Each structure stands twice: as structure tokens, then as C-alpha cells.
Amino acid sequence: MLRLQPTLPTRYREASEDTLQSWIKAAREQLGEDLILLGHHYQREEVYRWADATGDSFKLAQYAAKNPSVKWIVFLGVHFMAESADILTRADQSVILPDLNAGCSMADMAAIEEVEECWEVIENTTDISRVVPITYMNSSAAIKAFVGRNGGAVCTSSNCRAVLEWALSRGDKVLFIPDQHLGRNTARAMGLTDEALWNPRLPNGGLDERSIKEATIVLWKGHCSVHQRFTPQMVADFRERHPGGQVIVHPECANEVVEMADQIGSTEGIKKIIGEADPGSIWGVGTEIHLVSRMSTEFAEQGKIVESLDPIVCPCSTMFRIDAAHLAWCLDALVRGDAINQIVVDPTTAADARVALERMLSIT
Ligand code: 13P
Ligand code: SF4
């Protein structure tokens, strides 16, 4: 998705790391309690260290919603997270994303026009009043609004099962957008196997009437390129290297990987489970490398070994866009009262999307 990120002024591009850190510190002090920084676990250390709150998508959304008196919220994360924070906060609060090009390739795999087209096909096939649309947090505000208007809810990796159970208590069928893996992994953990895969690149999603009718869950054919890299062979190799080790993966990984893992968790869940594990335990992790490296350093003190399942590092290239230079640049602007890179969801879209987000918050 095209977003226009202006080029950073030379002053920020050419500053040393120490200088950038000192500028961030000074701006933060000046902004005081008017500012909070929310940091996702995949962020680089140079910005993550400044976060007032860290967490997964769910925890950060809750945090944004619970701080109505803060004027500026700087999101150290990606676009859909900043949009959700804007939707959940008051009109007099501003949400800033230091680099507008920090998107999410999975979220970009579902466009609102494609989702509407899919809904129309399902509507022509089955009783639409019994279909509940569920969108993963990793989707645009327009899709969250669509879901809100059509009786559905948002979910995240930490509450997907509760949201799917809620959906199936209200209808017979779920349209799950956009991560096929999170949808499939959660549905299978609930004992559901009657799924259909909607491919937005094909006419009628590549599905015939019967498969749509018979499926309890229609999965959108989207994925995360970072998590799709993990393979069953990587799990097998880890187990060979560390026979007593445990494997924990994010539910955006493919089902055959999830099936082989000992535990599944959102980013916050992974951190918590390993944090609470026995000293000396050994972990092979299937998620983004910045979180894995941070845990490896942090938990080494407890004698734990934490390593990536993937021998070739797999950073999220969009999360990586947020760096100290962009953070210093937008904090300095806030000191001048200038909200650059503000993420604003139009009020109509925000109202419908809020319904879907608040349903999620109340379910979980
Ligand atoms: P979490 O909600 O688990 O942090 O996941 C967000 C995400 O984008 C993972 O790729
Ligand atoms: Fe999106 Fe994957 Fe990056 Fe998460 S890791 S923000 S799903 S591209």
C-alpha cells in the first residue's frame, strides 16, 4: 500500500547513534506526561528501549484505550497498530507513526474491495445472516469497519480462539481475514476441519458453491512472510541439536509447524512462557528475530538458552523501518507542537471499526 513518507531531514540522517539517543531523551523529557511511546516486541533495541509500554497487538491496543489523558501516542510498531490506537483513543489525542512506510505485508493481502466482493459471493451462496466476519488485527481500518458493520469482531493472536467461539455461538460460518494460518491453527485446535480457502486472485475465490456452503470457516489466503519461513525440518533440526529443548511458535506459522511445537503463543505469550520457564531450559522459537534475540540476552541470566528455529535470520522488514532517526525527528516535531506522521482514521470508518474492536475487547 502506498504511503508517502517524507525523506528525513539531513540532520537526522547524518547524526550518530549517540546523538540521536540524546535527542530522543531530551525531547521525551520536554514532552513529559503528554507523551507515551508504545513498543511492539519486534522493534529494534534503539527505539524499543524508550517504550513506556511494550506488548503484543492486543496489549498495546488495550494500553492505548486506557490512557485517555495522554496527548501524544507514538507507536513503535506498524500502520495497522497505529490505526487501531487512533480508533480506540479520543479525538483530542494524536497517534504518530515515525515512518509511514511501516506497513504489514499480510495486512496488504486483503483490500476492502476484495473483501466486499467475497462477501457478495458468500451472500449469493448461503444465508448471510448466519455468517460472522472476523478480521485479524493485522488488517486495514476499512476492513475492521466492514466487519463491525456486519456483526463481526477483530481478533489478535492472543484471543483468536475466544473470538472464534463467540462468532460460532452467533452464526454457523465464519469468514476469517486475512491470515489463513492463524485462522486454520485456531479452528483446528477447536476441532474444526471443514475449511475452505478463499483466494482473492481467482474468480469466486477459486471456490465452488458447495465448498462455500459446507465450510464452517472460510479462510482468506493471506500469510506473513516472516512466519511462513518456519518449516517442520527446522523443528526437527532443533530437536536433534537439543533433545531436551522445547519449541514455541507464533500462530502465524503454518499448521504443520504448529502441530510439531510444544507451545503456541502471541509475542507477549511467547515472552511470558519462556520468562516463567525453569532456569536452564532450552527454547527453539518460531517468530521474528528481534524478539528472539532480546529474549536470548535477557534470559541468559537465568541460564536459559533461547534460539531462533531459523538459522537464517528473519526480520520483519516493515517493523524494521522504525529507527532512532525517525523517532528523534517526530519527537522533535512534537516539542514544536507539530504532529507529523499523524495517523487519522476518518470518523465514519473509525465508528464502525470501533464496534469491531470493542467487541473483541469485551469478549476477551
Ligand atoms: P502479536 O499480536 O502476537 O504481537 O502479533 C502481531 C504480529 O504482527 C506478528 O507478526
Ligand atoms: Fe506483518 Fe508479518 Fe511483520 Fe507481523 S511479522 S507485522 S504479520 S509482516
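(A) Region of the structure containing the site of ligand 1. Around ligand 1, the neighbouring residues are His40, Tyr42, Asp56, Ser57, Tyr136, Asn138, Ser157, His227, His250, Glu252, Ser266 and Thr267. Here glutamate 252 contributes a side-chain N or O atom positioned 2.9 Å from an oxygen atom of ligand 1. In the environment of ligand 1, an oxygen atom lies 2.6 Å from a nitrogen or oxygen atom belonging to the side chain of threonine 267. The fraction of the free accessible surface of ligand 1 (300 Å²) that becomes covered by protein chains is 96%. A breakdown of the residues in the shell around ligand 1 according to their chemical character gives two nonpolar, eight polar and two charged.

(B) Representation of the sheet that holds strand S3 (residues 72-76) within the structure. On the basis of which strands lie adjacent, the open sheet formed by four strands has the order S2-S1-S3-S4 and parallel pairing. Whereas interior strands pair on both sides, the edge strands pair on one side only; in this sheet they are strand S2 (53-55) and strand S4 (94-96). For this sheet, the mean angle separating the axes of adjacent strands, direction not counted, is 20°. Looking at chain direction, strand S1 (residues 35-40) and S3 are connected through five bridges and run parallel. Within the sheet, the bridge partner assigned to isoleucine 36 lies in S3 and is isoleucine 73.

(C) Structural context of the sheet that holds strand S6 (residues 153-155). Ordered by their spatial adjacency, five strands build an open sheet running S6-S5-S7-S9-S8, and the pairing between neighbours is parallel. Looking at strand neighbours, the two that pair on one side only are S6 and strand S8 (195-198), the edges of this open sheet. Taken pair by pair, the neighbouring strands of this sheet meet at an average axis angle of 25°, ignoring direction. As paired elements, strand S5 (residues 131-136) and strand S7 (residues 173-177) share five bridges and run parallel to each other. Bridge pairing links isoleucine 134 to phenylalanine 176 in S7. Seen against the sheet, helix H6 (residues 112-125) touches S5, S7, S8 and strand S9 (217-220) and runs at an angle of roughly 165° to S7. Those strands touched by helix H9 (residues 180-189) are S5, S6, S7, S8 and S9, and its axis lies near 155° from that of S9.

(D) Seen up close, the nonpolar core. Grouped together as the largest cluster of nonpolar side chains are 130 residues, with contacts concentrated most on Val74, Ile134, Phe176, Ile274, Val285, Leu327 and Leu331. Per element, the largest residue contribution to this core is nine residues, and it comes from helix H15 (residues 324-335). Apart from the residues lying within four places of it in its own chain, the contact partners of leucine 327 are Ile24, Leu37, Val47, Trp50, Val74, Leu76 and Pro98.

(E) Broad picture of the pairing of S8. Judged by which residues are buried, S8 turns out to be one-sided: Ala196 and Trp198 face inward and are buried, whereas Glu195 and Leu197, on the alternate face, are not. In the classification by handedness, the crossover that spans S8, the intervening helix H10 (residues 209-214) and the parallel S9 is right-handed.

(F) Structural detail: the pattern of salt bridges. Here the structure, examined in full by the defined rule, presents 20 salt bridges. In this structure, arginine 229 engages aspartate 310 in a salt bridge whose closest nitrogen and oxygen atoms are separated by 2.7 Å. Separated by 81 residues along the polypeptide, arginine 229 in the loop between S9 and helix H11 (232-241) and aspartate 310 in the loop between strand S13 (305-308) and H15 bring together distant segments of the chain. Of the residues examined, arginine 229 reaches a relative accessible area of 35% and is grouped as partly exposed. Each of Arg184, Arg188 and Glu195 takes part in a single network of salt bridges with overlapping partners.

(G) Region of the structure containing the side chain of aspartate 56. Mapped onto the elements of the fold, aspartate 56 is located in the loop between S2 and helix H4 (57-65). Only 2.8 Å separates the side chain of aspartate 56 from the side chain of serine 266, close enough to count as a polar contact. Contact partners of aspartate 56, with chain neighbours within four places excluded, come to His40, His41, Ser158, Ser266, Thr267 and Glu268.

(H) Geometry of a negative patch on the surface. A cluster of like negative charges, contributed by Glu113, Glu116, Glu117, Glu120 and Glu123, occupies part of the molecular surface. Note that glutamate 120 resides in helix H6. For glutamate 120, a relative accessible area of 48% gives the class partly exposed.

(I) Here's a closer look at the site of ligand 2. Within the structure, ligand 2 sits among Tyr42, Cys104, Ser105, Met106, Asn138, Cys224, Val226, Glu252 and Cys316. Of the residues belonging to the shell around ligand 2, the class tally is six nonpolar, two polar and one charged.

(J) The packing of helix H2 (residues 17-31) against H15, seen in detail. The geometry of H2 relative to H15 is characterised by a closest axis approach of 9 Å and an angle of 30° between their N-to-C directions. With respect to their mutual orientation, H2 and H15 come out roughly parallel. Judged by the twist between their axes, the crossing of H2 over H15 is left-handed. Contact residues: H2 offers Glu17, Leu20, Gln21, Trp23, Ile24, Ala27, Gln30 and Leu31, while H15 offers Ala324, Ala325, Leu327, Ala328, Leu331, Asp332, Leu334 and Val335.

Thresholds, definitions, all that
- Residues numbered from 1 in each chain as written.
- Chains lettered and ligands numbered in written order.
- Predicted model: local features only at pLDDT ≥ 70, side-chain atom pairs only at ≥ 80, totals over all residues.
- Heavy atoms only, no water.
- Near = heavy atom within 4 Å.
- Polar contact = N/O pair within 3.5 Å; in protein donor to acceptor, adjacent residues only side chain to side chain.
- Areas by Shrake-Rupley, 256 points an atom, 1.4 Å probe, with all protein chains shown as cover.
- Nonpolar A, V, L, I, M, F, W, Y, C, P; charged D, E, K, R; others polar.
- Pairing = 2+ DSSP bridges.
- Helix = DSSP H or I, 4+ residues; strand = E, 2+ residues; numbered from the N terminus.
- Axes fitted to C-alpha atoms, helices over the stretch in contact; angles between N-to-C directions.
- Contact = heavy atoms within 4.5 Å.
- Core = buried A, V, L, I, M, F, W, Y, C linked by side-chain atoms within 4.5 Å.
- Buried < 20%, exposed > 50% of the residue type's maximum accessible area, 1.4 Å probe, protein only.
- Right-handed = clockwise from strand over helix to strand, strands pointing away.
- Salt bridge = Lys/Arg side-chain N within 4 Å of Asp/Glu carboxyl O.
- Patch = residues over 30% accessible without salt bridge, like charges linked within 9 Å, V, L, I, M, F, W, Y side chains within 5 Å.
- Lys, Arg positive; Asp, Glu negative; His and termini not counted.
- Charge placed at Lys NZ, Arg CZ, Asp CG, Glu CD.
- Parallel < 35°, antiparallel > 145°, perpendicular 65-115°, else oblique.
- Left-handed = near helix turned anticlockwise from the far one by under 90°.

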